[in-house]
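# Tertiary structure, described
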Amino acid sequence: MKKFLIAGNWKMNKTIAEAKEFADALAAKNFANAEEVAILAPFTQLVTLGESLKGSGIGFGAENVHFEPSGAYTGEISVPMLEEIGVNYCIVGHSERREYFAETDETCNLKLKALIAAGITPILCVGESLEVREGNGEQTFVASQLVADFKGMPADDVAKVVIAYEPIWAIGTGKTATPDQAEEMCAFIRGVMGGMYSNEVADSMLILYGGSMKASNAADLLAKPDINGGLIGGASLKIDDFSAIVNAANDLK
Ligand code: 13P
């Protein structure tokens, strides 16, 4: 049976009280396959999310992390700090961090290694800009991200990473990649991973699509063979919208 991960990325939204209300309501849904659901949230909400989601099967995690375990990095949060909270996941290299906070493939690579060593599942984001796609360079661009982001990582570690294909032109724009466009790139990513490692590793990896996924388009995207779920921004902020996407995945089981 196909494995999914339906992950909400709350970005810079919600207070602790709002996060608690949402997580309590989400836990109460008692989803089938709850372990295939996760919330990625701001650092301030993580302790509360852990408490509210405890025993529900639903995972939670952070949206970013520093690769050094400690030190003079004002404003940063380390992997051991996330471990202490018990997070399951951490996003690495979201396009908003690459664009606004100078995240590079080199720092993504260091973060992947630090998270894997701690047993936290990284969700690595890759994806091209509109300019790159209009120049038909999307596959070359995404392949180069994958090569750089996984540099020096052994197959056993790579197999534990979740990859999210998030075309920048589809994020927060309401403009979703068509299911065929999303499938084409997710299959391409799986092929690149197969070439870099093995088909066994590639086939075992979860590859998500992100970019204006919502209740109305989730089923068509999730039905595609190489799409193992979604990284969902706007539509993960409302419990009904997010639950509808989780249910769409469960209906495909
Ligand atoms: P939207 O779903 O709001 O387009 O955001 C996608 C995203 O960036 C998830 O990480």
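Further up the page is the structure itself.
No experiment lies behind these values; they were computed from the predicted model shown.

Of the volumes computed, that of the largest pocket is approximately 530 Å³. Lys-11, Met-12, Glu-63, Arg-97 and Phe-101 are the residues nearest the centre of the largest pocket, which is lined by 21 residues in total. No other element matches helix H4 (residues 95-100), which puts three residues into the lining of the largest pocket. Within the lining of the largest pocket, the residues separate by chemical class into nine nonpolar, seven polar and five charged.

Among the nonpolar cores identified, the biggest contains 68 residues, and Leu-49, Phe-150 and Ile-189 are the most heavily contacted of them. For this core, the leading source of residues is helix H9 (residues 179-196), giving six residues. Residues Ile-91, Ile-123, Val-162 and Leu-231 belong to the second largest nonpolar core, which totals 13 residues.

Here the focus is the environment of Lys-224. Topologically, Lys-224 is positioned in the loop between helix H11 (215-222) and strand E8 (229-232). We classify Lys-224 as partly exposed; its relative accessible area is 21%. Taking the C-alpha atoms as reference points, Lys-224 and Asn-30, 194 residues apart in sequence, are found 26 Å from one another. If we ignore the near neighbours within four places in the chain, the residues touching Lys-224 are Lys-2, Pro-179, Asp-180 and Glu-183.

Parameters and conventions
Residues numbered from 1 in each chain as written. Predicted model: local features only at pLDDT ≥ 70, side-chain atom pairs only at ≥ 80, totals over all residues. Heavy atoms only, no water. 1 Å grid on protein atoms, 1.4 Å probe; cavity = no way out; pocket = protein on both sides within 12 Å on 5 of 7 lines; lining within 4 Å. Points joined across faces, edges and corners; volume = space filled by probe spheres on them. Helix = DSSP H or I, 4+ residues; strand = E, 2+ residues; numbered from the N terminus. Nonpolar A, V, L, I, M, F, W, Y, C, P; charged D, E, K, R; others polar. Core = buried A, V, L, I, M, F, W, Y, C linked by side-chain atoms within 4.5 Å. Buried < 20%, exposed > 50% of the residue type's maximum accessible area, 1.4 Å probe, protein only. Contact = heavy atoms within 4.5 Å.

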